[in-house]
Amino acid sequence: MILPLPLIALLLGLVEGVTEFLPISSTGHLILVGRLCGLAGARAEVFEIFIQLGAVVAVVVEYRAKLIAVARGLVTSRSERSFAMSVAVAFLPAVAIGLLTHHWISEHLFGPRTVAAALIAGAIAILAVEKWKPAPTIDRADRLGPARAALIGVAQCASLWPGFSRSAATILGGLLCGLERKAATEFSFFLAIPTLGAATVYDLWKKHDALVPGDLAWLLVATAVSFVVAWASIRWLLRFVATHDLTPFAWYRIALGILVLIALQ
């Protein structure tokens with residue numbers, strides 16, 4: 001490794017926290033930063049996936065009141081049951097396709113070139129949706145309904161391509177389904193809880209043998225860093241989408257994707 005593991009862990013935690021909920025792909029950035037630091041292979045993939053757990057905890061902490069209300073209302077409240085069902089329905093498509101394609105994705109798409117291509121492809125999707133999205137008709141994430149949630153779940157499958165961005169895919173899916181920008185962003189946050197949580201557990205179970213003694217401690221440090229930074233990122237993004245569209249993120253993605261492709265020549 002070019003850098004010592006403690007420094008890599010801190011850097012990856014910072015990158016994960018900043019990028020997880022922005023529509024610029026945390027996994028793509030982690031792959032690029034990991035390669036620059038000399039961390040590659042199955043061991044790198046465990047780091048890149050596991051530290052997403054910090055972002056999951058950030059969502060749980062930020063929306064703890066809503067999550068408690070949903071848990072309490074599963075039996076007594078129709079609206080809370082509908083919201084929980086919407087999140088579950090949106091979660092399933094990526095789970096099904098992810099399980100079927102996990103090995104192929106790990107073998108073929110966890111590289112700088114494919115990440116650069118995904119960054120550019122996602123940017124084109126952002127520009128297209130921002131230009132042609134329908135007028136919003138839903139102003140709250142918990143009013144989405146399972147039918148539209150299923151469509152967002154299908155959109156989330158695009159994020160199985162590292163570099164496309166789970167956040168971008170789900171927010172764009174929400175905008176196409178008629179959600180206001182803030183509602184689409186918040187639903188993306190809630191959907192992150194089962195999606196990232198399941199990915200973390202599955203990847204650690206499949207690839208824990210790739211870790212070496214001492215890795216776990218620094219994984220936990222990186223996860224703690226990602227939690228703190230992701231929590232701040234959630235609050236910043238909610239303020240940003242209240243007055244801006246996602247176009248600036250698209251141009252950043254295009255610039256980064258082109259820069260990576262040039263660097264690989």
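Residues numbered from 1 in each chain as written. Predicted model: local features only at pLDDT ≥ 70, side-chain atom pairs only at ≥ 80, totals over all residues. Heavy atoms only, no water.

All right, on to the environment of Leu36 then. Within the secondary structure, Leu36 sits in helix H2 (residues 26–37). Given the relative accessible area of 68%, Leu36 is considered exposed. Taking C-alpha positions, Leu36 is 9.2 Å from Leu3, a pair spaced 33 residues apart along the chain. (Helix = DSSP H or I, 4+ residues; strand = E, 2+ residues; numbered from the N terminus. Buried < 20%, exposed > 50% of the residue type's maximum accessible area, 1.4 Å probe, protein only.)

Further remarks concern unusual backbone geometry. Positive phi outside glycine occurs at Ser25, with the angle close to 80°. Note that Ser25 resides in the loop between helix H1 (5–19) and H2. Judged by relative accessible area, Ser25 falls into the buried class, the value being 3%. One non-glycine residue, Ser165, adopts positive backbone phi at about 100°. Here Ser165 lies in the loop between helix H8 (146–156) and helix H9 (166–176). Look at Ser165 and you get buried, because its relative accessible area is 3%.

A separate point is the state of the cysteines. Tallied over the full model, the rule gives 0 disulfides. No disulfide involves Cys177; its sulfur sits 13 Å from the nearest other cysteine sulfur, which is in Cys157. (Disulfide = S-S within 2.5 Å.)

Further remarks concern a nonpolar patch on the surface. A contiguous nonpolar surface patch, about 210 Å² in accessible area, is contributed by Leu11, Leu14 and Val18. One can find Leu14 in helix H1. (Patch = residues over 30% accessible without salt bridge, like charges linked within 9 Å, V, L, I, M, F, W, Y side chains within 5 Å. Areas by Shrake-Rupley, 256 points an atom, 1.4 Å probe, with all protein chains shown as cover. Salt bridge = Lys/Arg side-chain N within 4 Å of Asp/Glu carboxyl O.)

What helix H4 (residues 52–62) keeps buried is the set Gln52, Gly54, Ala55, Val56, Ala58 and Val59. Against H1, H2, helix H3 (41–50), helix H10 (181–207) and helix H11 (215–241) lie the buried residues of H4. (Contact = heavy atoms within 4.5 Å.)

Let's shift gears to the pattern of salt bridges. One pass over the full model with this rule turns up 9 salt bridges. Across the pair Arg235 and Glu62 runs a salt bridge, and its minimum N-O distance is 2.8 Å. Of the two residues, Arg235 sits in helix H11 while Glu62 sits in helix H4, which places them 173 residues apart along the sequence. Beyond isolated ion pairs, a larger network of salt bridges with shared partners links Lys66, Glu80, Arg140 and Asp142.

Moving on to the packing of H8 against H9. As a packed pair, H8 and H9 sit with axes 8 Å apart at the nearest point and diverge in direction by 150°. With respect to the hand of their crossing, H8 and H9 are arranged in right-handed fashion. From H8, Ile152, Ala155 and Gln156 reach across to H9, where they touch Arg166, Ala169, Thr170, Gly173 and Gly174. Looking at side-chain class alone, the contact of H8 with H9 contains 3 nonpolar, 4 polar and 1 charged residues. (Axes fitted to C-alpha atoms, helices over the stretch in contact; angles between N-to-C directions. Left-handed = near helix turned anticlockwise from the far one by under 90°. Nonpolar A, V, L, I, M, F, W, Y, C, P; charged D, E, K, R; others polar.)

As a further point, take the packing of aromatic side chains. All chains considered together, the criterion is met by 10 aromatic pairs. One aromatic cluster is present, built from ring pairs that chain together Phe21, Tyr63, Phe83, Phe187, Phe189 and Phe190. Against the face of Phe83 rests Lys66, its NZ or CZ located 5.0 Å from the ring centre. It is Arg253 that lies over the ring of Phe164; its NZ or CZ is 6.0 Å from the centre. (Phe/Tyr/Trp six-rings, centres within 6.5 Å; stacked < 30°, edge-to-face > 60°. Lys NZ or Arg CZ within 6 Å of the ring centre and 35° of its normal.)

With 15 residues, H1 ought to run about 21 Å at 1.5 Å a step, and its terminal C-alpha atoms sit 21 Å apart, in line with that. Turning to H1, its buried residues number three or more, namely Leu5, Ile8, Ala9, Leu12, Gly13, Val15, Glu16, Gly17 and Thr19. The inward-facing, buried residues of H1 contact H2, H3, H4 and H11. (Expected span 1.5 Å × (residues − 1).)

Note that all results are geometric; they support no functional claim without further evidence.
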